[in-house]
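Listed below, chain by chain, are the residues.
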Amino acid sequence: MKKLYAVLALGVAGLSLLATTTRPVANQYGMVVGTPAIKSINALTFGPDGILFIGDGKNAAVFAVDTKDANSVEKASPVEVKNIDEKIAALLGTDVKNITIQDIAVNPKSKNVYCAVQSSDGTPVLLKVEGDKLTPVSLKEVPFSTVTLANAPAEDAKGSRGESLRIASISDMGFSDGKVMVTGLSNQEFGSTFRSIPFPFTNTQDQASLEIYHAAHAKYETMSPIRTFTTTEIKGKKYLLASYTCTPLVLFPLDELKAGKHVKGRTVAEMGSGNSPLDMVILKKGNESFLLMANSNRPVFKVKYKSLEDYQGALTTPVTESFATAGVDFVSLPVTNVIQLDKLDDSRMVLLQRRSNGSLDLWTSSERYL
Amino acid sequence: MNGISKNYKLLRIRLCTLYSLVFFTASLLVTCRSGDKTGLVICWNDNRATGLVIPERYVVSIAPNSLSRLLSVRRQGVETAIAGQFQRSDEGMLFEPLVPFTRGLVYELWLRNKRLSEIEIPALADSDRPFLKGIYPSADTLPENLLKVYLQFSRPMREGQSLRYVTLLKNGTDTLSGTFLDLQPELWDADRTMLTLWLDPGRIKRNLHPNQQLGAPLQAGTTYRLVVSGEWPDAQGATLGKTLSKTFVTDARDGVSPDPMQWSMNHPPPGTSQPLVITFPEPLDYSLLLETFRIRREDSTLVSGTWRTSFDEEKIVFSSAKPWLAGNYTLRIESRLEDLAGNNLNRPFDRDITQNKSDTTFQVYKEKRFQIR
């Protein structure tokens with residue numbers, strides 16, 4: 001009988017040990033170790049302490065992954081990878097035509113550059129760029145958490161019609177003041193959704209509808225999808241600075257972007273139609289700040305931040321001349337065909353550019369561009 | 001004690017059965033087939049070459065802990081080692097690349113600086129091609145302010161390429177440019193078989209800059225041909241092969257919201273499983289039609305069944321899972337349902353926002369009551 005008790009006691013002790021060793025332990029951000037089932041990587045952005053947010057349109061979700069790449073680096077080394085597409089293709093054992101670079105993001109803490117790639121069969125890959133070297137980042141058995149992007153309210157969620165035909169895409173993503181901000185588009189309604197999701201993820205997420213003034217239209221408009229955005233501070237107040245498909249630049253006060261709220265933006269510039277903004281960052285040289293914006297059919301624009309601050313008006317009159325611009329002034333940098341850009345440090349950015357000789361290069365700008 | 005031992009045996013038997021089942025299921029999903037006399041074996045998963053088994057004879061002389069450092073798989077003629085994972089398996093060393101091997105390419109196995117072997121991933125058979133299952137809207141007369149086109153393919157396609165392979169011809173001669181909105185990422189469904197294309201809304205909305213400069217994408221009374229190139233590759237690199245097109249004629253601008261009060265419906269007799277057919281005066285959006293309708297009984301219970309579009313999206317057909325019961329029913333339609341020009345039940349697509357009328361009439365859904373008797 002004593003033996004039986006001993007076996008039972010051992011069993012209980014073993015089980016409790018098993019329970020403590022296998023039970024996922026959440027870290028300070030509520031993340032547990034596992035393998036996130038990421039189907040696509042549309043957008044990347046970094047949060048605190050090397051936490052990488054991965055926007056997955058196919059899952060209509062955002063994943064937060066702890067990259068453990070959190071060593072603080074004060075002075076970033078410039079990255080320079082010539083023919084990056086060829087290097088990625090070689091690393092993945094395929095042809096250049098079979099890969100697409102979806103996004104790049106700089107870890108603000110370690111200053112390492114991360115790059116999301118999609119292979120033609122749809123497999124998403126995350127790479128880290130160190131100097132001119134590319135290394136795959138494993139997404140297996142990593143601390144992660146996830147949040148599903150809430151769809152437009154459906155009358156009832158349970159239907160008997162199988163899979164939904166609704167398709168979501170994530171156009172841009174950012175992190176500011178403890179919140180992941182996501183803009184996206186669905187195939188069913190033409191309209192921009194802007195979501196603000198507190199991190200660590202909880203069950204809440206705010207979805208605001210944003211209204212902009214189309215100077216050309218001479219009307220207010222809620223339907224346009226945001227292509228790219230950043231957050232900024234003007235005279236002590238935080239703003240979302242968003243750019244739309246026909247390139248108006250619009251400011252929304254961040255504290256007003258709350259659930260179900262309808263927020264009117266202030267259009268501060270019309271940067272010319274026939275073009276789509278691709279990415280934007282804010283850089284600093286001395287005491288002066290600049291907004292830099294990559295475009296589909298224009299060179300990189302540079303806007304003096306002071307003119308954004310000083311421009312207290314809102315564009316409310318139509319721009320009549322074709323492809324003309326209005327509002328705050330900007331200059332075109334002699335840098336064209338920039339597909340992606342992100343901020344490396346206060347005064348430099350990392351650019352992915354299709355050079356005039358056809359090569360796709362990742363390189364680091366210098367203060368000279370400011 | 002005997003009891004514990006018996007239970008333990010039973011548990012082992014159950015676990016063994018479970019493991020066998022898991023192994024059997026896994027072996028159904030992933031199969032490894034020998035390529036040729038090189039002895040390298042390609043593992044296939046869902047028709048994709050996801051691994052390479054390297055026979056023991058190649059790796060027998062290497063210390064297990066230095067295998068992944070010394071051994072590499074490369075593309076023929078390329079020095080870079082392919083990113084992936086080596087692991088021991090019953091058949092030898094298994095290499096799983098980060099992305100599946102590309103069909104038609106040759107891969108080499110290297111040990112340090114010595115090439116050991118090579119293998120070609122067989123290209124797909126010429127007849128093994130995807131096809132275009134459908135183009136929506138199905139009708140051949142469409143409003144000049146048509147907003148969306150859906151392309152349904154038979155299997156996953158390559159993303160980010162649509163504007164290269166979809167063209168619109170006007171009157172059979174002029175190729176139109178800038179008709180579709182250049183969206184990156186494109187709007188593909190999760191299995192990459194359905195693509196949504198937007199005709200540039202900035203050109204459709206009157207007075208917007210793109211509309212003023214470039215005009216509306218389509219004009220009334222014109223014949224258009226939507227051409228989907230046979231060169232479009234699928235996720236595995238096989239092309240459609242055949243160029244397909246859909247010819248349509250445009251009629252007047254549609255700036256009016258669909259009105260459920262103008263829809264007609266049949267009344268299936270009680271006790272039968274006859275389908276309920278709702279007929280609209282115009283075709284409605286294919287994707288939204290299949291998602292926005294619900295039928296409830298008087299006590300609010302949902303009537304289960306299936307919905308399908310019919311008659312070029314001018315009808316929707318509901319087949320109830322059970323025979324109809326006599327009684328009062330409510331057809332509930334989500335107001336986000338749109339017609340072909342993007343006008344939904346609440347507001348037209350191109351509304352005069354300065355009037356600001358729409359906000360007061362906003363409803364999440366609209367209802368239509370009917371009786372089965």
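Scoring rules and cut-offs
- Residues numbered from 1 in each chain as written.
- Chains lettered and ligands numbered in written order.
- Predicted model: local features only at pLDDT ≥ 70, side-chain atom pairs only at ≥ 80, totals over all residues.
- Heavy atoms only, no water.
- Helix = DSSP H or I, 4+ residues; strand = E, 2+ residues; numbered from the N terminus.
- Buried < 20%, exposed > 50% of the residue type's maximum accessible area, 1.4 Å probe, protein only.
- Areas by Shrake-Rupley, 256 points an atom, 1.4 Å probe, with all protein chains shown as cover.
- Pairing = 2+ DSSP bridges.
- Axes fitted to C-alpha atoms, helices over the stretch in contact; angles between N-to-C directions.
- Contact = heavy atoms within 4.5 Å.
- Polar contact = N/O pair within 3.5 Å; in protein donor to acceptor, adjacent residues only side chain to side chain.
- Phe/Tyr/Trp six-rings, centres within 6.5 Å; stacked < 30°, edge-to-face > 60°.
- Lys NZ or Arg CZ within 6 Å of the ring centre and 35° of its normal.
- Core = buried A, V, L, I, M, F, W, Y, C linked by side-chain atoms within 4.5 Å.
- Domains from an automatic or database assignment.
- Patch = residues over 30% accessible without salt bridge, like charges linked within 9 Å, V, L, I, M, F, W, Y side chains within 5 Å.
- Salt bridge = Lys/Arg side-chain N within 4 Å of Asp/Glu carboxyl O.
- Lys, Arg positive; Asp, Glu negative; His and termini not counted.

Per an unreviewed UniProt entry, chain B carries the name SbsA Ig-like domain-containing protein and comes from Spirosoma profusum.

An unreviewed UniProt entry annotates chain A as Esterase-like activity of phytase family protein of Spirosoma profusum.

Participant: What is the right way to read the overall build of chain A from this model?
Facilitator: Within chain A, the regular secondary structure consists of three helices and 27 strands. Here chain A holds 370 residues, and the buried ones make up 56% of them. For chain A, the exposed surface amounts to about 15700 Å²; the carbon and sulfur share of it is 53%.

Participant: Whenever I open this one, the sheet that holds strand β14 (residues 187-188) of chain B confuses me. Can you help?
Facilitator: All names here are of chain B. With antiparallel pairing, the four strands of this open sheet are ordered in space as β9-β11-β15-β14. With partners counted over all chains shown, the strands left at the sheet margins are β9 (132-136) and β14, one partner each. Relative to strand β15 (residues 194-198), strand β11 (residues 148-153) runs antiparallel, the two being bridged by five bridges. Each bridged residue has a counterpart across the sheet, and for Y150 the counterpart in β15 is T196.

Participant: How do you make sense of unusual backbone geometry when you look at a structure like this?
Facilitator: One can expect most non-glycine residues to show negative phi and most peptide bonds to be in trans. Residue A:F199 is joined to A:P200 through a cis peptide bond whose omega torsion reads 0 degrees. Relative to the elements of secondary structure, A:P200 occurs in the loop between β12 (193-198) and β13 (206-214). Look at the link from B:Y136 to B:P137: it is a cis peptide, with omega at 5 degrees. A positive phi angle, close to 55 degrees, is found at A:N337, a residue other than glycine. Of note, A:N337 is situated in the loop between β24 (331-332) and β25 (338-345). Using a relative accessible area of 43% as the deciding quantity, one classes A:N337 as partly exposed. With phi around 75 degrees, B:S300 is a residue other than glycine that occupies positive phi space.

Participant: Even after reading the chapter, I still don't get the sheet that holds strand β2 (residues 43-46) of chain A, so can you show me in this structure?
Facilitator: Sheet strands pair via backbone hydrogen bonds, and the direction of the pair is either parallel or antiparallel. All names here are of chain A. In space, the five strands of this open sheet follow the order β1-β9-β4-β3-β2, with antiparallel pairing throughout. Looking along the sheet, the strands with just one partner apiece sit at the ends: β1 (32-34) and β2. Recorded for the sheet is a direction-independent mean angle of 35 degrees between the axes of neighbouring strands. Examined bridge by bridge, β1 and strand β9 (residues 142-148) share three bridges and lie antiparallel to one another. Directly across from G34, in β9, lies its bridge partner V142.

Participant: What exactly am I supposed to notice about the environment of A:S359 here?
Facilitator: Residue and element names in this part refer to chain A. Within the fold, S359 resides in the loop between β26 (348-354) and β27 (360-364). Sequence separation between S359 and K82 is 277 residues; the distance between their C-alpha atoms is 7.3 Å. When residues no more than four places from it in sequence are discounted, the contact partners of S359 are N83, Q353 and R354. For S359, the side chain forms a polar contact with the side chain of D361, separated by 2.7 Å.

Participant: Where do I start with the packing of aromatic side chains in this structure?
Facilitator: Any pair of aromatic rings gets described here by the distance separating the centres and the angle formed by the planes. Counted under the stated rule, the structure contains 29 aromatic pairs over all chains. With a centroid separation of 6.5 Å and 80 degrees between ring planes, the pair formed by A:F175 and A:F199 is classed as edge-to-face. Of this pair, A:F175 sits in strand β10 (residues 168-176) while A:F199 sits in the loop between β12 and β13, placing them 24 residues apart in sequence. Considering the side-chain rings of B:W307 and B:F318, the 4.6 Å spacing of their centres and the 45 degrees angle between planes classify their relative orientation as tilted. Placement of the pair is B:W307 in strand β21 (residues 305-310) and B:F318 in strand β22 (residues 315-320), with a sequence separation of 11 residues. Under the relative-accessibility criterion, B:W307 is labelled buried at 9%. Site record: aromatic cluster; members linked through ring pairs are B:W263, B:F280, B:F293, B:W307, B:F318, B:W324, B:Y329 and B:F370. Directly above the ring of A:Y369 sits A:R368, whose terminal nitrogen or CZ lies 4.7 Å from the centroid. Sitting over the face of the ring of B:Y58, B:R57 holds its NZ or CZ atom 4.9 Å from the ring centroid.

Participant: I keep staring at the environment of B:V249 and nothing clicks. Help me out?
Facilitator: Residue and element names in this part refer to chain B. Looking at where V249 falls in the secondary structure, it is placed in strand β17 (residues 244-251). Since its relative accessible area comes to 35%, V249 is described here as partly exposed. Along the chain, V249 and N171 lie 78 residues apart, while their C-alpha atoms are 9.5 Å from each other. Beyond its immediate sequence surroundings of up to four residues, V249 is in contact with D140, T141, L142, T222 and T223.

Participant: Please explain the nonpolar core as it appears in this structure.
Facilitator: Buried together is how nonpolar side chains tend to be arranged in soluble globular proteins. One finds B:V149, B:L151, B:F153, B:W198, B:L226 and B:W232 to be the most contacted residues of the largest nonpolar core, which totals 41 residues. In terms of domain composition, this core takes at least three residues from each of domain 2 (132-251) and domain 3 (260-372) of chain B. Formed by 25 residues, the second largest nonpolar core is a distinct cluster that contains A:A76, A:L91, A:L127 and A:V350.

Participant: It is not clear to me how a nonpolar patch on the surface should be interpreted in this structure. Could you clarify?
Facilitator: On the surface, a cluster of nonpolar side chains totalling about 290 Å² of accessible area is made up of B:F362, B:V364 and B:Y365. Structurally, the position occupied by B:Y365 is in strand β24 (residues 365-372).

Participant: I tried to follow the side chain of B:D254 on my own but got confused; where do I start?
Facilitator: Residue and element names in this part refer to chain B. In this structure, D254 sits in the loop between β17 and β18 (264-265). It turns out D254 is buried and unbridged, and the closest side chain with the opposite charge, R253, is 8.3 Å from it. Here the side chain of D254 touches V256 through a polar contact of 3.1 Å, landing on its backbone nitrogen. Not counting chain neighbours up to four residues away, the residues in contact with D254 comprise P143, N145, E282, D339, A341 and N343.

Participant: Would you explain the pairing of β22(B) in this entry?
Facilitator: Put simply, side chains in a regular strand alternate between the two faces of the sheet. Residues and elements named next belong to chain B. The pairing of strand β19 (residues 276-279) with β22 spans four bridges and is antiparallel. Note that in β22 the partner of L276 across the bridge is F318. Inspection of the sheet shows β21 paired to β22 by six bridges, in the antiparallel sense. In the sheet register, T309 faces β22, and the bridge partner there is I316. What sits between the antiparallel neighbours β21 and β22 is a turn of four residues, in which F311 has the positive phi angle 50 degrees.

Participant: Sorry, what's going on with the pairing of strand β8 (residues 114-120) of chain B here?
Facilitator: Residue and element names in this part refer to chain B. Direction of pairing for strand β7 (residues 106-111) relative to β8: antiparallel, over a ladder of six bridges. Note that in β8 the partner of L111 across the bridge is K114. Between β7 and the antiparallel strand that follows it, β8, lie two residues; R112 among them carries a positive phi value of about 50 degrees.

Participant: Would you mind showing me how to read the pattern of salt bridges here?
Facilitator: Residues and elements named next belong to chain B. Under the counting rule described, the total for this entry stands at 26 salt bridges over all chains. Here E291 ties to R336 by a salt bridge, and the two come within 3.9 Å at their closest N and O atoms. With a gap of 45 residues between them, E291 in the loop between α7 (286-289) and β20 (293-297) and R336 in the loop between β23 (327-334) and β24 connect regions that are remote in the sequence. Given the relative accessible area of 15%, R336 is considered buried. Across the salt bridge formed by E367 and R369, the nearest N and O atoms sit 3.3 Å from each other. What makes E367 partly exposed here is its relative accessible area of 27%. Judged by relative accessible area, R369 falls into the exposed class, the value being 63%.

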